[in-house]
Every structure is written in C-alpha cells, then in structure tokens.
Amino acid sequence: MVTKKSKYRIDIGTTKSIYLKSLPNIIGGIATEIGWTLDDDGVPPAGRTIVAENRSDAVDKGMVPFVITYQKNKKNQSTTILVSPDKADTVAEDLIGKTYGGGQISKVRAPRRAKFTI
C-alpha cells in the first residue's frame, strides 16, 4: 500500500495550474476523469503558472467540489473530491462504475451544504 502522497497538476484555462497532493492508489482510478495529471516534479509546463497548492485556494481558483458515494467492505461511504472546471459538466456520468479507494462509485452529486471554517 502506498503511503506517500504524489503531486497532481490540474490545468485551469490556458495559462494556470493548480497542484494538489493525493495518494495514487486512492485517486489514480479516476484521475483522468476529474482532470488531474500525475506530476511529481512540481514544475508546471512552459507558459503556465501555479496559482494554488492547497484545497481552499483551489476552490477559490475554480475547482468544483463533488460528493461521490462508493461501496467498500459492503458499506456505502462518501467523500468530497475536487474536479477541474473543464470536467465538471461530464464528471457525473464519467465516474459511475469507476474505482475510488478500492470501491466502486455508485453516485455522484453536488454537495448539499457548504461548510465554513473560520
């Protein structure tokens, strides 16, 4: 089991990139469907600038949260994932049946309520 998080690049528009960390064995099965690209060196391609490197800044820069429900060990579990704005319109259909964290995704929806932390 992989315990070290890897960096993923999410391209926003034509000149901006966001870097987030995740475990490859958890997010790897859906990375392309949500617009994430494995990029361990942390250096953006030529012509791109890094605009965020954490979740809260990523949401401020345009990442879209979705709640996915998946079955693991015969129990339904849910988690919130961040999706690239380019993939937000098709992610609900693309993720059904894919694997997340060792379980099959059965439902994708928008979050029901916002959580604010001060």
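Above this note sits the structure.
Right, let's walk through the structure included here. The shown structure was predicted, so the numbers you read here are calculated from the model rather than taken from an experiment. (Residues numbered from 1 in each chain as written. Predicted model: local features only at pLDDT ≥ 70, side-chain atom pairs only at ≥ 80, totals over all residues. Heavy atoms only, no water.)

Examined against the element boundaries, Glu-33 turns out to sit in the loop between helix H1 (24-27) and strand S3 (37-38). Within the local environment of Glu-33, its side chain forms a polar contact with the side chain of Thr-32, the two groups lying 3.2 Å apart. In contact with Glu-33, other than residues within four places in its own chain, are Lys-87, Val-91, Asp-94, Leu-95 and Lys-98. (Helix = DSSP H or I, 4+ residues; strand = E, 2+ residues; numbered from the N terminus. Polar contact = N/O pair within 3.5 Å; in protein donor to acceptor, adjacent residues only side chain to side chain. Contact = heavy atoms within 4.5 Å.)

Attention shifts here to the pattern of salt bridges. As enumerated under the stated definition, the model contains 5 salt bridges in all. A salt bridge links Asp-11 to Arg-9, with the shortest nitrogen-to-oxygen separation between them at 3.0 Å. Look at Asp-11 and you get partly exposed, because its relative accessible area is 22%. A salt bridge links Arg-9 to Asp-39, with the nearest nitrogen and oxygen atoms 3.2 Å apart. Placement of Arg-9 in strand S1 (residues 6-12) and of Asp-39 in the loop between S3 and strand S4 (49-52) is noted, with a sequence separation of 30 residues between them. According to the relative accessible area criterion, Arg-9 is buried, its value standing at 13%. Three or more residues joined by partner-sharing salt bridges are found here, namely Arg-9, Asp-11, Asp-39 and Arg-48. (Salt bridge = Lys/Arg side-chain N within 4 Å of Asp/Glu carboxyl O. Buried < 20%, exposed > 50% of the residue type's maximum accessible area, 1.4 Å probe, protein only.)

Let us now look at the packing of aromatic side chains. To describe a pair of aromatic rings, you give the distance between the ring centres and the angle between the ring planes. For the coordinates displayed, the defined rule picks out 2 aromatic pairs. Centroid distance Tyr-8 to Trp-36: 5.6 Å. Interplanar angle 55°. Geometry classified as tilted. With Tyr-8 in strand S1 and Trp-36 in the loop between H1 and S3, the pair connects residues that are 28 residues apart, well separated along the chain. Neither Tyr-8 nor Trp-36 differs from the other in exposure class; each is buried. Aromatic side chains Tyr-70 and Tyr-100 sit 5.1 Å apart centroid to centroid with 65° between the ring planes, which places their arrangement in the edge-to-face category. (Phe/Tyr/Trp six-rings, centres within 6.5 Å; stacked < 30°, edge-to-face > 60°.)

With that out of the way, let us pick up the sheet that holds strand S2 (residues 16-22). Within the open sheet, the 4 strands sit side by side as S3-S1-S2-S4. Their pairing is mixed. Every other strand in the sheet has two partners, leaving S3 and S4 as the edge strands with one partner each. Bridging between S1 and S2 involves 7 bridges; their strand directions are antiparallel. Across the sheet, the residue bridging to Asp-11 is Ser-17, located in S2. (Pairing = 2+ DSSP bridges.)

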